[in-house]
Each structure stands twice: as C-alpha cells, then as structure tokens.
Amino acid sequence: MIAISNHARMRQAQRNLKDDEVAFVMRHGRRIRSGGVLHIFLGRRDIPADRATFQKYHHLEGATLVISDTGETPVLITVYRNRRALRDIRRKQKYDRSAGKALASA
C-alpha cells in the first residue's frame, strides 16, 4: 500500500495518468535510488513485448514516479513524463541520509 500526496494527485490528473497506469509503472518500471528518494522510471524496454499489453501501455514510456520511502508508509510525491529522465536521474547528486546533506562529488 502506498499513500499519495495531494501534489501527486494533481500532477497525475495533469499528466492524464490513471491509477491502474501508475500501478503498471510501479510493477514494471526500473527502480533507481537517487537524491534521497526512489525514482521508478518506465522505459520502452520495460513494457512487456506482447502486442496487447504494449498497445495498451506504450504511451506510458518515460513516465516517472518519485516516492519517499523513509517513513512507515511509502508516499508518492510526484509523477512526471520525460523519455530522457533516466539520464537526469542518474546524474542527481548522492544524498547521505544519516547526515541529512548532499555529498560532495569526487
């Protein structure tokens, strides 16, 4: 079970993503921990290859969920679409949770 913030609900509506589509991204997307949160990114390769599923969900390519999972219940913070987001997510500065600050890049 995941909680959804008001901001995420608003962004989900703006990006025309239904709850079942968000669940699909959560099931099939790549999980990347960066910037102190969990990003779930759905790329073209992550969408199952069978024709019916691909036709139904191909428009979700590039959908990204940002989830804070530090508390008891994970919270969906925001939802956005960007087909090139994976590159940007991997570039984010690492975050040291124990110190509560960003680490200097070496």
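One can find the structure itself at the top, above this paragraph.
For the structure given in this document, a descriptive report is provided here. Every residue gets a number counted from 1 within its own chain, in the order that chain's sequence is written. Residues qualify for local features only when their pLDDT is at least 70, as the model is predicted, and side-chain atom pairs are given and counted only at 80 or more; totals for whole chains, interfaces and linings, by contrast, use all residues. Computation of side-chain values: all heavy atoms of the structure, hydrogens and water removed.

### Quick notes on helix H2 (residues 19–28)
Next up, step 1: Of all the positions in H2, only Glu21, Val22, Phe24 and Val25 are classed as buried. For H2, the arc enclosing every buried residue in end-on projection is 155°, short of the 170-degree limit, so these residues lie on one face.
Next up, step 2: In this structure, the buried residues of H2 make contact with helix H1 (6–14), strand E3 (37–41), helix H3 (51–57), strand E4 (63–68) and strand E5 (75–81). The cut-offs for exposure are 20% and 50% of the maximum accessible area for each residue type, with area from a 1.4 Å probe on protein chains only; residues under the lower value are buried, those over the upper are exposed, and the others partly exposed. Secondary structure is summarised from DSSP: a helix means a run of H or I of at least four residues, a strand means a run of E of at least two, and numbering begins at the N terminus for each. The directions from the helix axis to the C-beta atoms are what the arc is built from. The contact criterion used is simple: two residues touch if any of their non-hydrogen atoms lie within 4.5 Å.

### Some points on the pattern of salt bridges
Next up, step 1: Any Lys or Arg side-chain nitrogen located within 4 Å of an Asp or Glu carboxyl oxygen qualifies as a salt bridge. This structure, assessed with the given rule, holds four salt bridges.
Next up, step 2: In this structure, the salt-bridge partner of Arg30 is Asp46, at a minimum N-O distance of 3.0 Å. Taken together, the residues Arg30 in strand E2 (residues 30–34) and Asp46 in the loop between E3 and H3 connect sequence positions 16 residues apart.
Next up, step 3: For Glu61, the salt bridge goes to Arg44, with nearest N and O atoms at 3.3 Å. Of this pair, Glu61 sits in the loop between H3 and E4 while Arg44 sits in the loop between E3 and H3, and the two are 17 residues apart along the sequence.

### As for the pairing of E4
Next up, step 1: Most of E4 sits inside the fold, with five of its six residues counted as buried.
Next up, step 2: Any two strands with at least two DSSP bridges between them are considered paired. As defined by bridge partners, E3 adjoins E4 across four bridges and the pair is classed as antiparallel. What sits directly across from Ile40, in E4, is Leu65.
Next up, step 3: Examined bridge by bridge, E4 and E5 share six bridges and lie antiparallel to one another. Each residue of the ladder has a partner; that of Ala63, found in E5, is Arg81.
Next up, step 4: In this structure, the hairpin formed by E4 and E5 is closed by a connection of six residues.

### Looking at the nonpolar core
Next up, step 1: What is meant by a nonpolar core is a set of buried Ala, Val, Leu, Ile, Met, Phe, Trp, Tyr and Cys residues, joined one to another through side-chain atoms within 4.5 Å. One finds Phe24, Val25, Ile40, Leu42, Leu60, Leu65 and Leu76 to be the most contacted residues of the largest nonpolar core, which totals 16 residues.
Next up, step 2: Those elements giving two or more residues to this core turn out to be H2, E3, E4 and E5.
Next up, step 3: Discounting chain neighbours no more than four positions away, the residues touching Leu76 are Ile2, Ala3, Ile4, Ser5, Ala8, Val22, Leu65, Val66 and Ile67.
Next up, step 4: Core analysis: the second largest hydrophobic core is formed by five residues, Phe41, Ala85, Leu86 and Ile89 among them.

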